[in-house]
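Each chain is listed here by its residues.
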Amino acid sequence: MNKNWFLEDEDDIFTGTPKSKYFDVARQATKEIVEDEFDKFLERVAVMELLLSEEKGEDFDINEILNRYILENSEKVEKIKKGLYLELTGDIICRLDS
């Protein structure tokens, strides 16, 4: 049986969602590891925000652009979010094993 983790059932009590698994792992990991991985993630977001707003005028509202994109591309955004939850979970688990 080949399961597509991006299409899993949100109510599946046996496997959960990428989001629920992230929070399960984050609750069990040390505070320092979770904070460090979150800081790395937030740094990536900050860089992406800077790249997106680079060379824009003072009137540029990044939140307006982001909200419009989310409305127009909600399915794509959800797929990426699930992938990011998996990535964060994997990064924390890798740190636990070392």
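Residues numbered from 1 in each chain as written. Predicted model: local features only at pLDDT ≥ 70, side-chain atom pairs only at ≥ 80, totals over all residues. Heavy atoms only, no water.

## Quick notes on the overall build of the chain
As a reminder, the rule being used: Note on conventions: DSSP H or I runs of at least 4 residues are helices, E runs of at least 2 residues are strands, and numbering of each starts at the N terminus. Whether a residue is buried, partly exposed or exposed follows from its accessible area with a 1.4 Å probe, protein chains only, as a fraction of its type maximum: under 20%, in between, or over 50%, in that order. Note on contacts: a residue pair qualifies if any of its non-hydrogen atoms lie within 4.5 Å across the two residues.
Along its length, the chain carries 4 helices and 0 strands. Mapped in sequence order, the helices and strands of the chain form the string α-α-α-α. Relative to its full complement of 98 residues, the chain shows a buried share of 19%. Intrachain contacts of the chain at a sequence separation of at least 6 include 63% that bridge at least 24 residues.

## So, the packing of aromatic side chains
Any pair of aromatic rings gets described here by the distance separating the centres and the angle formed by the planes. Threshold: Classification of ring pairs rests on two measures: the distance between centres of Phe, Tyr or Trp rings, Trp counted by its six-membered ring, which must be within 6.5 Å, and the angle between planes, read as stacked under 30 degrees, edge-to-face over 60 and tilted in between.
Throughout the structure, instances matching the rule amount to 3 aromatic pairs. When the ring of tyrosine 22 is compared with that of tyrosine 85, the centres are 5.7 Å apart and the planes differ by 45 degrees; the resulting orientation is tilted. Here the residue tyrosine 22 occupies a position in helix H1 (residues 18-28), and tyrosine 85 occupies one in helix H4 (residues 74-97), the gap between them amounting to 63 residues. Of the aromatic side chains, those joined through ring pairs into one cluster are Tyr22, Phe23 and Tyr85.

## A word on a nonpolar patch on the surface
Convention followed: Note on patches: the residues involved have over 30% relative accessible area and no salt bridge, like charges join within 9 Å, and the nonpolar side chains Val, Leu, Ile, Met, Phe, Trp and Tyr join within 5 Å. Note that accessible areas follow from Shrake-Rupley with a 1.4 Å probe, and for residues the cover is restricted to the protein chains shown. In what follows, salt bridge is the name for a side-chain nitrogen of Lys or Arg lying within 4 Å of a carboxyl oxygen of Asp or Glu.
Nonpolar side chains collect at one region of the surface, where Phe38, Leu42 and Val45 lie side by side and expose about 250 Å² of accessible area between them. The residue phenylalanine 38 is located in helix H2 (residues 31-53) in this model.

## Some words on the layout of surface pockets
Rolled over the atoms, a probe with the dimensions of a water molecule shows which regions are left empty. Cut-off, in case you're wondering: Only protein atoms enter the calculation, which uses a 1 Å grid: trapped sets of points that fit a 1.4 Å probe without letting it out are cavities, open sets showing protein on both sides within 12 Å along at least five of seven lines are pockets, and any residue with an atom within 4 Å of a point is a lining residue. Grid points are joined across faces, edges and corners, and a volume is the space filled by probe spheres set on the points. Here the nonpolar group is Ala, Val, Leu, Ile, Met, Phe, Trp, Tyr, Cys and Pro; Asp, Glu, Lys and Arg are the charged ones; every other residue, Gly included, is treated as polar.
As a volume, the largest pocket reaches approximately 760 Å³. Residue lining of the largest pocket: 20 residues in total, with Val45, Met48, Leu66, Ile80 and Leu84 positioned closest to the centre. Secondary-structure elements contributing two or more residues to the lining of the largest pocket are H2, helix H3 (62-72) and H4. Along the lines of polarity and charge, the residues of the lining of the largest pocket split into 16 nonpolar, no polar and 4 charged.

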